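Working through the structure, step by step
In case you want the letters, here they are:
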Amino acid sequence: PLITRGGATLVHLNGCWASLTHYISAAPFDPTNLDHATLLGAALARLHRALANMPCQSRPGRALFADLFDYPPANYPPLRLTPLHLALDNDRFATELLAWWRLQAAELCAFVNNEYRALPWQLCHNDPAPANVLVAEKRIAALLDFEFACPAPRALDLAMALRMTMRIWENPNPWPAAETILAAYATHAPFTAEEAVQLPILIRLRSAIPILWRL
């Protein structure tokens, strides 16, 4: 961020916080472009190597990827939602759908309370989605949006990158991009067998968090 005359990088304007940065001449990340996938995997690995030297200490307040289902505090019990909570008709479809959700949530909670805590943790970006990646001249020009940065399993970052590049409505053939990201990441950073095994459920977990917020 550019610095104001008073030395600040953040200012309060019209009831909102704002910062100013130089314009970055770059293109948005394209999940169908395997060259972009290679760049993202390598950049995320190098970022993790750099952030690994930072203190693994939560900032004040609620810790998003530590609290997970309890962040932010919900108006309703998120793992016991009923059609009434969501103003839905109490019909068979809604009942069965929410029963499926509760089953999925219970499985994720069991994972969070056990295997998730045992994965390697460090300071992470936590939102390496295509919308936060800019590419220029065959390199990553910018990785944006560190608002969720906090200690988390580093594999959760990789799961998020995979989840957001494998959305079939944006990338009808997602597997080559996923393989490319993983190969590029592994070239530049360590990746344990346990992290590899847990990637599918980490993708489910990272998908469930925004769905829960929405509910």
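Everything below is about the structure printed above this text.
As a starting point, this report considers the structure included with it. Here the structure is a predicted model, which is why all the values come from computation and not from measurement.

1. Points about the packing of aromatic side chains
Within the structure shown, the criterion is met by three aromatic pairs. Each ring, one from tyrosine 116 and one from tryptophan 121, has its centre 5.5 Å from the other, and the planes form 80 degrees; the classification is edge-to-face. Residue classification places tyrosine 116 among the buried positions, given a relative accessible area of 0%. On the numbers, 5.8 Å between centres and 75 degrees between planes, the contact of tyrosine 185 with phenylalanine 191 is edge-to-face. Taking the relative accessible area as the measure of exposure, phenylalanine 191 reaches 26% and is therefore partly exposed. An aromatic cluster of at least three residues, connected via ring pairs, comprises Phe111, Tyr116 and Trp121.

2. Structural notes on the sheet that holds strand E6 (residues 139-143)
The sheet built from three strands is open, its strands ordered E3-E5-E6 with antiparallel pairing. The open sheet has two edge strands with one neighbour each: strand E3 (27-28) and E6. Bridging between strand E5 (residues 133-136) and E6 involves four bridges; their strand directions are antiparallel. In the sheet register, alanine 136 faces E6, and the bridge partner there is arginine 139. Packing against the sheet, helix H1 (residues 34-51) makes contact with E3, E5 and E6, and its axis sits at approximately 55 degrees to E6.

3. Considering helix H3 (residues 92-112)
Along its 21 residues, H3 runs 30 Å from first to last C-alpha, staying within 8% of the 30 Å computed at 1.5 Å per residue. Where H3 is concerned, the buried positions are Ala94, Leu98, Trp101, Gln104, Ala105, Leu108, Cys109, Phe111 and Val112. For H3, the angular spread of buried residues about the axis comes to 150 degrees, placing them on one side. Projecting away from the buried face of H3 at angles above 90 degrees are the exposed residues Arg92 and Trp100. Considering only its buried residues, H3 is in contact with helix H4 (115-118) and helix H7 (193-214).

4. Structural notes on the packing of H1 against helix H5 (residues 154-165)
Orientation of H1 relative to H5, taken along the N-to-C sense of each, is 160 degrees, at an axis distance of 11 Å. In terms of their interaxial angle, H1 and H5 are classed as roughly antiparallel. Considering the relative orientation of H1 and H5, their crossing is right-handed. Where H1 approaches H5, its residues Leu40, Leu44 and His48 are matched on the opposing element by Arg154, Asp157, Leu158, Ala161 and Thr165. Residue composition of the contact of H1 with H5, by class: four nonpolar, two polar and two charged.

Rules of the game
- Residues numbered from 1 in each chain as written.
- Predicted model: local features only at pLDDT ≥ 70, side-chain atom pairs only at ≥ 80, totals over all residues.
- Heavy atoms only, no water.
- Phe/Tyr/Trp six-rings, centres within 6.5 Å; stacked < 30°, edge-to-face > 60°.
- Buried < 20%, exposed > 50% of the residue type's maximum accessible area, 1.4 Å probe, protein only.
- Pairing = 2+ DSSP bridges.
- Helix = DSSP H or I, 4+ residues; strand = E, 2+ residues; numbered from the N terminus.
- Contact = heavy atoms within 4.5 Å.
- Axes fitted to C-alpha atoms, helices over the stretch in contact; angles between N-to-C directions.
- Expected span 1.5 Å × (residues − 1).
- Arc of directions from axis to C-beta.
- Parallel < 35°, antiparallel > 145°, perpendicular 65-115°, else oblique.
- Left-handed = near helix turned anticlockwise from the far one by under 90°.
- Nonpolar A, V, L, I, M, F, W, Y, C, P; charged D, E, K, R; others polar.

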